[in-house]
Amino acid sequence: MTYRGRFAPSPTGHLHFGSLVAAVGSWLCARHAGGTWLVRVEDIDPPREMPGSAESILAALPAFGLTADARPLFQSSRIAAYDDAFEQLKANGQVFPCWCSRNDLAGGLHLDGQCLAPPAPDRVPAWRLHVPDREIRFDDALQGPQTQNLRLTAGDFVIRRVEGYYAYQLACVVDDAFQGITQVVRGNDLLDSTARQIYLQRCLGLPEPGYLHLPLALDANGRKLSKSEQARPVDPTDPLPALRRALHFLDLPVTTHATTPQALLAEALAVFDPALLPRCSERMAA
Ligand code: GLU
């Protein structure tokens, strides 16, 4: 099977160091395997999106030497496919409407395939996937063997929100299958989503890709970089410094001779081996 990888940014801001690491890491894995690298814009959550962000990210990637093998896929154009997946889950009796508020559930109440609040026909419900009390196991190519019991961790989770938007988990698995992704390489903040995604793949009869979660970039205070001050955008008009930092973050030796991002990436690719990526869950961004 030929390798197909992807970078799937949400257009909630400009490309920042953490997302550059995910883009570079997924690009290196795909190119190392002689495979295809795709970009998917996860624009299905309008309230969280920043106008101009998708254009800004898509323009920044080639400036960092990261050129995709096809035009980007926009999730906003894929709603019919999510509707089909949702109808399939509904027909199989795997989802249920839920009117519970966050407050209803905050007290530690557990759903078990049905809503605890009285049905409110005048209000649109969220739809939740009923999860079994069973362990989901997978082997992350970097973080090692993982086990998660969804009943205990996520519970019956929302796949379609009250506002009618599909949840990231559903859209992600439908599109990873649609794009034929064989390995998902992304930041370790999403390790926790993987069991939910694998369970959804099983419910929908979709293939299960491999997973590789890169260490999460932290700021000097140990906070997730994307949530902190240092989430300043990386500068596509001066790509070499941030690209060097991203490669250094992934433990790749980089020389100072390269004068273009393409040359720097080519140097990194020549010595790249996924087995030598840092095996930690998080690390400080230099
Ligand atoms: N869109 C997600 C994000 O920007 C990443 C999704 C993924 O790689 O699965 O955090």
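Our subject is the structure that appears above.
The rules behind these values
Residues numbered from 1 in each chain as written. Predicted model: local features only at pLDDT ≥ 70, side-chain atom pairs only at ≥ 80, totals over all residues. Heavy atoms only, no water. Pairing = 2+ DSSP bridges. Helix = DSSP H or I, 4+ residues; strand = E, 2+ residues; numbered from the N terminus. Contact = heavy atoms within 4.5 Å. Axes fitted to C-alpha atoms, helices over the stretch in contact; angles between N-to-C directions. Near = heavy atom within 4 Å. Polar contact = N/O pair within 3.5 Å; in protein donor to acceptor, adjacent residues only side chain to side chain. 1 Å grid on protein atoms, 1.4 Å probe; cavity = no way out; pocket = protein on both sides within 12 Å on 5 of 7 lines; lining within 4 Å. Sits in = over half its atoms within 2 Å of the grid points. Nonpolar A, V, L, I, M, F, W, Y, C, P; charged D, E, K, R; others polar. Points joined across faces, edges and corners; volume = space filled by probe spheres on them.

Quick word on the sheet that holds strand β3 (residues 73-74)
Then comes step 1: The parallel open sheet is built from three strands, whose spatial order is β1-β2-β3. The sheet is open, and its two borders are formed by β1 (4-7) and β3, each paired with just one other strand.
Then comes step 2: Inspection of the sheet shows strand β2 (residues 36-41) paired to β3 by two bridges, in the parallel sense. Looking across to β3, one finds that Val-41 is bridged to Phe-74.
Then comes step 3: Contacts from helix α6 (residues 168-178) reach β1, β2 and β3, with the element oriented near 145 degrees to β2.

Some thoughts on the site of the ligand
Then comes step 1: Every residue lining the ligand is accounted for by Arg-6, Ala-8, Pro-9, Ser-10, Glu-42, Tyr-168, Cys-172, Arg-186 and Leu-190.
Then comes step 2: Here Tyr-168 contributes a side-chain N or O atom positioned 2.7 Å from an oxygen atom of the ligand.
Then comes step 3: Counting atoms within 2 Å of the grid points, the majority share of the ligand lands in the largest pocket.
Then comes step 4: Here the residues of the shell around the ligand sort into five nonpolar, one polar and three charged.

Considerations on the environment of Ile-198
Then comes step 1: For Ile-198, the position within the fold is in helix α7 (residues 191-204).
Then comes step 2: Considered as a pair, Ile-198 and Phe-138 are 60 residues apart in the sequence and their alpha carbons are 8.6 Å apart.
Then comes step 3: Sequence-distant contacts of Ile-198, defined by excluding residues within four places in its chain, comprise Ile-136, Phe-138, Glu-208 and Tyr-211.

A short note on the layout of surface pockets
Then comes step 1: Counted as a void, the largest pocket has a volume near 1,400 Å³.
Then comes step 2: Ser-10, Arg-48, Asp-189, Leu-190 and Lys-224 are, among the 49 residues lining the largest pocket, the residues nearest its centre.
Then comes step 3: At the level of elements, β1, α1 (17-32), β8 (157-160), α6, β9 (183-187), α7 and β11 (216-218) are the ones that each hand at least two residues to the lining of the largest pocket.
Then comes step 4: In terms of residue count, the dominant contributor to the lining of the largest pocket is α1 (four residues).
Then comes step 5: Its volume calculated, the second largest pocket comes out at about 580 Å³.
Then comes step 6: As for the second largest pocket, its lining consists of 21 residues, of which Arg-102, Leu-105, Arg-128, Asp-156 and Val-158 are closest to the centre.
Then comes step 7: Those elements that place two or more of their residues in the lining of the second largest pocket are α4 (102-106), β5 (126-129), α5 (150-153) and β8.
Then comes step 8: The dominant element in the lining of the second largest pocket, judged by the number of residues it contributes, is α5, at three residues.
Then comes step 9: Tallied by class, the residues present in the lining of the second largest pocket amount to eleven nonpolar, four polar and six charged.

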